[in-house]
Amino acid sequence: MERRGFFRKLACGLIGAGLILVPFGAGVIFFLDALRRGSRERGFVRVAWVDSLPVGIPRSFTITGTRTDAWNTDANVPIGAVYLLRHEQEVEAFQVICPHAGCFVEYDPNSRQFLCPCHDSSFNLDGSIANPGSPSARGLDKLEVKVQGTDVLVRYQEFQQGIREKIAVS
Amino acid sequence: MSKLRDWLDHRTGYRHLRFKLIHERIPGGPKWRYVWGSSLAFTFTVQLLTGFFLWTAYSPSAQTAWESVYFIQHHMQLGWFVRGLHHYASQAMVVLLALHLLQVVIAGAYRPPREVNWWLGLSLMFVVLGLALTGYLLPWDEKGYWATQVTTKIIGIVPIFGPTLEHLLVGGPAYGHHTLTRFFAFHAGLLPTLLVLILVAHVALFRRHGVTHPKNPQGETTFWPEQALRDTLACLGVLLVLVGLVVWGGSEKGFVFGPEGGASLQAPADASNPYPAARPEWYFLFLYQFLKYFPGETEVYGAIVIPCVMIGVLVLFPFLGRLQWGHAFCVGMTFALLTGVLFLSVAAIQEDKADFLYQKGVADAQRKARRAIELAHSEGIPTEGAVQLLRRDPLTQGPTLFRDNCATCHRWDGHDGTGLPVVEIRNGKKAPMPPSASDLAGFGRQEWTSEFLKDPSAARFFGNTEHKDGEMAEWSKENIPLMSREEIDAVVAFLATQSQAAKIPPADPDLVLRGAEVFAFGSWEGAQACSECHTLKHPDIPMSGEEVPAPDLTDYASKAWLYGMITDPTHPEYYGERNDRMPKFSERLTPQELQLLIEWMWAEAHSLTSYRP
């Protein structure tokens, strides 16, 4: 009798766990779907004409491309922005997102620095950290850039924030 | 560990609570008929779990609801399974509720001192039906959209407050974003909270009064483990049925473990398109059928008054049950109600089976749903919503454009393009409307052209037009007998290459060349050449430069040729002054509509069922 009662209780426990596991487990797998969705590799896109860039003064440009957001796919829509800085011989591109916590950095013509309005990080024109107490772990993220004829092309990427290493996430 | 449990028990008293929960006394021992309440609670738990996970991916707005459900169903891992469980569990709750109610009535568990619990149970029933009703709209597909319209319209006929209530529920004068946000707030917020609160009170009162046991119970046991095992096995049965429905019930293909299974998803809702297949979910079919017996302004009796009286009687059961024969009346009344529901539901299904328009509506809806999903798969969904995919789709819009603009004169395989016969009202009676121009199904295909050449005067071609006895008909009578079968096939093959259809049978180059020769110079036996009346820009066909009396056949039956012909048949390259009655459709249709119509005619003629421009 004792053994019979034990097996009944065991059966109750096991079946009961299974009953919850099926909807809950399926739900968890469903929820983890987001981890499957990686960003896609983007090539170089044309951003500006090189002769429209003033030498020594960074200017921000919108990047347009195809955006896939869950069920939506839209071509030729804004997907981000970059700062382009023209030197005498070359053009540099910086991600506008602060590597600390993801705010949009602004260029301050007075200090000739990039300033983050969220946590007071500031960055030099070469992207390096300007203020010693900056909460940012690294300087502004540089993007690959090339000049073809009169066109400036940038390979747009976003990077993981808050860490020293520059790891691309899109 | 035991010290930790002691500490926790000291602070919370959980051991006492657990003891109370699992050692409930059951006079007369465990019974299978006691399992319905637990099964219902378990099914509700499934709904809470799956509902929460679906919530993490669902987006309630007119441009994102269908789209997010499509994404859940077809792209997220096990999305179809989670959604399918949620869908079928909602139906299982209705069935289990009915069984639970029946068991409570038969056992007399509605009688004193359990009156309040009976009323709580009835409240639970209405909350569950409310959840089912609000959930039906959320995918924003054609089925849910049109079926819910009926429900909110019924609320609108409630005397005095109806229109205001409807306006409030819909969130405005018409269905839109706020209809979804409101239904979703009810479905995922208010109603589940109410259900949990009422359920807690229901179970607490049930514990207070105990099970309604037989009059002279033999022996006694406790809930744990005897009754618990029965309840658990019943819940397992419910789960197995649900999983079975998800993998077998969602598709006509039988067993499907993937996005094609689970709950169905119709095409995205479009207020501008009729939907003859609109029906409520099966458990509301009886009400739908019931309303048919209350035409015009009497509808309020069928929709509001009589259901409210029935609910009133159910509410009064505890008092009625105390009377002599009262219990028998309540049991009889419950069975009568369920029988009525069953009868009306079967009647609705039978009538639908015999309703051609409904059956066609269902078939059209399924085809449209497949097309919407096919387009969403291949093109992605624009931010304006998936309904735009269908509005821009020739295969979806073409039949309607043909029906509305061409089918008064032309036919498409004998019908109006959408599959329905063309009718008119003559002498007060509906009668088939005879065509007065050619049947365009298959236009440009080799079979069509071949039949046309052999007998242009046939009813299918020029038979009902001014050209019935025209030059083409005369040419055919005089010249087809002078042509060999091979020469006719050659001309047909040559003309078919002009339509530029991708799926025409691969043409024999020699045959096509021979066709071009016959077209240009006539047959060996002296049949008159096509080029004497028609022009066709082709390297092997000399152009005389003289004006000819018949249409130019360059790119004959191609999309470009159709565009020219339909926009202006009076242009000298087509019928010119010999045009019969064909209007210039450039004056009647927008360029987009013309393009949709022509793309459809061309694709449909060549049987391109998954065609995309």
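Residues numbered from 1 in each chain as written. Chains lettered and ligands numbered in written order. Predicted model: local features only at pLDDT ≥ 70, side-chain atom pairs only at ≥ 80, totals over all residues. Heavy atoms only, no water.

Remarks on the overall build of chain A
The helix and strand inventory of chain A stands at two helices and nine strands. Its helices and strands in sequence order give chain A the pattern α-α-β-β-β-β-β-β-β-β-β, from N to C terminus. The C-alpha radius of gyration computed for chain A amounts to 25 Å, which surpasses the reference 15 Å derived for 170 residues by more than 25%, pointing to a less compact arrangement than a globule. Each principal axis of the C-alpha distribution contributes one length, and for chain A these read about 90 × 40 × 20 Å. Sorting the 170 residues of chain A into buried and exposed places 38% on the buried side. Residue pairs in contact within chain A that sit at least 24 positions apart in sequence constitute 47% of those at least 6 positions apart. For chain A, the accessible area works out to roughly 9,700 Å², and carbon and sulfur atoms hold 54% of it. (Helix = DSSP H or I, 4+ residues; strand = E, 2+ residues; numbered from the N terminus. Rg over C-alpha atoms; globule rule 2.2 N^0.38 Å. Buried < 20%, exposed > 50% of the residue type's maximum accessible area, 1.4 Å probe, protein only. Contact = heavy atoms within 4.5 Å. Areas by Shrake-Rupley, 256 points an atom, 1.4 Å probe, with all protein chains shown as cover.)

Observations regarding the packing of aromatic side chains
Counted according to the given criterion, the structure contains 38 aromatic pairs over all chains. Ring geometry for tryptophan 561 of chain B and tyrosine 574 of chain B: centres 5.5 Å apart, planes at 75°, overall edge-to-face. Taken together, the residues tryptophan 561 of chain B in helix α22 (residues 559-567) and tyrosine 574 of chain B in the loop between α22 and α23 (591-605) connect sequence positions 13 residues apart. The pair tryptophan 561 of chain B / tyrosine 574 of chain B is uniform in exposure class, with both members buried. An aromatic cluster of three or more residues is present, and its members are Phe443, Trp448, Phe452, Phe461, Phe462, Tyr556, Trp561 and Tyr574 of chain B. Over the ring of phenylalanine 159 of chain A we find lysine 166 of chain A, and its NZ or CZ is 4.9 Å from the ring centre. (Phe/Tyr/Trp six-rings, centres within 6.5 Å; stacked < 30°, edge-to-face > 60°. Lys NZ or Arg CZ within 6 Å of the ring centre and 35° of its normal.)

Considering unusual backbone geometry
Residue and element names in this part refer to chain B. A cis amide bond links proline 112 to the next residue, proline 113, at an omega of 10°. The residue proline 113 is located in the loop between α5 (79-107) and α6 (115-137) in this model. If you check the backbone angles, aspartate 413 has positive phi at about 55° while not being a glycine. Relative to the helices and strands, aspartate 413 resides in the loop between α17 (394-405) and β3 (423-426).

Points about the pairing of strand β4 (residues 429-432) of chain B
Residues and elements named next belong to chain B. The sheet contact formed by β3 and β4 spans four bridges and is antiparallel. In the sheet register, arginine 426 faces β4, and the bridge partner there is lysine 429. Taking the residues between adjacent antiparallel strands as the criterion, β3 and β4 are bridged by two residues, where asparagine 427 takes a positive phi near 55°. (Pairing = 2+ DSSP bridges.)

Notes on the nonpolar core
Membership of the largest hydrophobic core comes to 83 residues, with the highest contact counts inside it found for Phe30 of chain A together with Trp66, Trp118, Trp140, Phe317 and Ile381 of chain B. With 13 residues, the single largest contributor to this core is α5 of chain B. Setting aside residues up to four positions removed in sequence, tryptophan 140 of chain B forms contacts with Ala62, Ala65, Trp66, Tyr145, Tyr175, Gly176, Leu180, Pro268 and Ala269 of chain B. If you look at the next biggest cluster of nonpolar residues, it comprises 55 residues, including Leu453, Ile566, Leu589 and Leu597 of chain B. (Core = buried A, V, L, I, M, F, W, Y, C linked by side-chain atoms within 4.5 Å.)

Quick word on the domain arrangement of chain B
Assigned domains within chain B: domain 1 (34-357) and domain 2 (446-605). Domain 1 of chain B and domain 2 of chain B are separated by 60 Å when their C-alpha centres are compared. (Domains from an automatic or database assignment.)

Comments concerning the interface of chain B and chain A
Across the contact, 39 residues belong to chain B and 28 residues belong to chain A. Of the roughly 2,900 Å² buried at the junction of chain B and chain A (both faces included), carbon and sulfur atoms supply 78%. It is Phe53, Phe71 and Gln77 of chain B in chain B that bury the most area against chain A; as a group they hold 23% of the surface buried on that side. Taken together, the connections running from chain B to chain A amount to one salt bridge. Put simply, the parts of the chain that give the side of chain B that touches chain A at least two residues each are α3 (35-55), α4 (65-74), α5 and α10 (223-249) of chain B. Of all the elements, α10 of chain B adds the most residues to the side of chain B that touches chain A, at eleven residues. In terms of residue class, the side of chain B that touches chain A is made up of 24 nonpolar, twelve polar and three charged. (Buried area = accessible area lost by both parts, 1.4 Å probe. Salt bridge = Lys/Arg side-chain N within 4 Å of Asp/Glu carboxyl O. Nonpolar A, V, L, I, M, F, W, Y, C, P; charged D, E, K, R; others polar.)

Section: the sheet that holds strand β3 (residues 72-86) of chain A
All names here are of chain A. The six strands lie next to each other as β1-β9-β8-β4-β3-β2, forming an open sheet whose pairing is antiparallel. A strand with exactly one partner marks an edge of an open sheet, and here the two such strands are β1 (44-49) and β2 (59-69). Here the strands of the sheet are splayed against their neighbours by 35° on average, with no regard to which way each runs. (Axes fitted to C-alpha atoms, helices over the stretch in contact; angles between N-to-C directions.)

Digging into the packing of α17 of chain B against α23 of chain B
All names here are of chain B. Interaxial distance between α17 and α23 falls to 8 Å at its minimum, and their mutual angle equals 100°. As summarised for this structure, α17 and α23 are arranged roughly perpendicular, according to the angle between their axes. Packed against α17, whose contacting residues are Pro394, Leu395, Gln397, Gly398, Pro399, Leu401 and Phe402, the element α23 presents Glu593, Leu596, Leu597, Glu599, Trp600 and Ala603 at the interface. Classifying every residue of the contact of α17 with α23 gives nine nonpolar, two polar and two charged. (Parallel < 35°, antiparallel > 145°, perpendicular 65-115°, else oblique.)

Some points on the sheet that holds strand β5 (residues 106-108) of chain A
Note: strands within a sheet are paired through backbone hydrogen bonds, in either parallel or antiparallel orientation. A sheet is described by the order of its strands in space; here three strands give the open sequence β5-β6-β7 (chain A), paired in antiparallel fashion. With partners counted over all chains shown, the strands left at the sheet margins are β5 and β7 (122-123) of chain A, one partner each.

Structural notes on the environment of alanine 347 of chain B
Residue and element names in this part refer to chain B. In this fold, alanine 347 is placed in helix α14 (residues 326-353). On the basis of relative accessibility, which here comes to 16%, the residue alanine 347 falls in the buried class. Between the C-alpha atom of alanine 347 and that of histidine 177, which follows or precedes it by 170 residues, the distance is 35 Å.

Focus on helix α18 (residues 446-454) of chain B
Burial in α18 of chain B covers these residues: Trp448, Thr449, Ser450, Phe452 and Leu453 of chain B. Contacts from the buried residues of α18 of chain B go to α19 (471-479) and α20 (485-498) of chain B.

Some thoughts on a nonpolar patch on the surface
Residue and element names in this part refer to chain A. Side chains of Phe6, Phe7, Leu10 and Leu14 sit close together on the surface and give an oily, nonpolar patch of about 420 Å² of accessible area. Relative to the helices and strands, leucine 10 is located in helix α1 (residues 2-31). When its relative accessible area of 39% is taken as the criterion, leucine 10 is described as partly exposed. (Patch = residues over 30% accessible without salt bridge, like charges linked within 9 Å, V, L, I, M, F, W, Y side chains within 5 Å.)

Regarding the pattern of salt bridges
Where charged atoms from two side chains of opposite charge approach closely, those side chains can pair. For the structure on display, the rule yields 29 salt bridges over all chains. In this structure, glutamate 144 of chain A engages arginine 155 of chain A in a salt bridge whose closest nitrogen and oxygen atoms are separated by 2.7 Å. Pair noted here: glutamate 144 of chain A is in strand β8 (residues 142-148) and arginine 155 of chain A is in strand β9 (residues 151-155), with a separation of eleven residues, a long-range link. Between aspartate 489 of chain B and arginine 485 of chain B there is a salt bridge whose closest N-O contact spans 3.9 Å. In this pair, aspartate 489 of chain B and arginine 485 of chain B both sit in helix α20, four residues apart, roughly one turn of the helix. Each of the salt bridges in this network shares a partner with another, and the network as a whole consists of Asp33, Arg36 and Arg37 of chain A.

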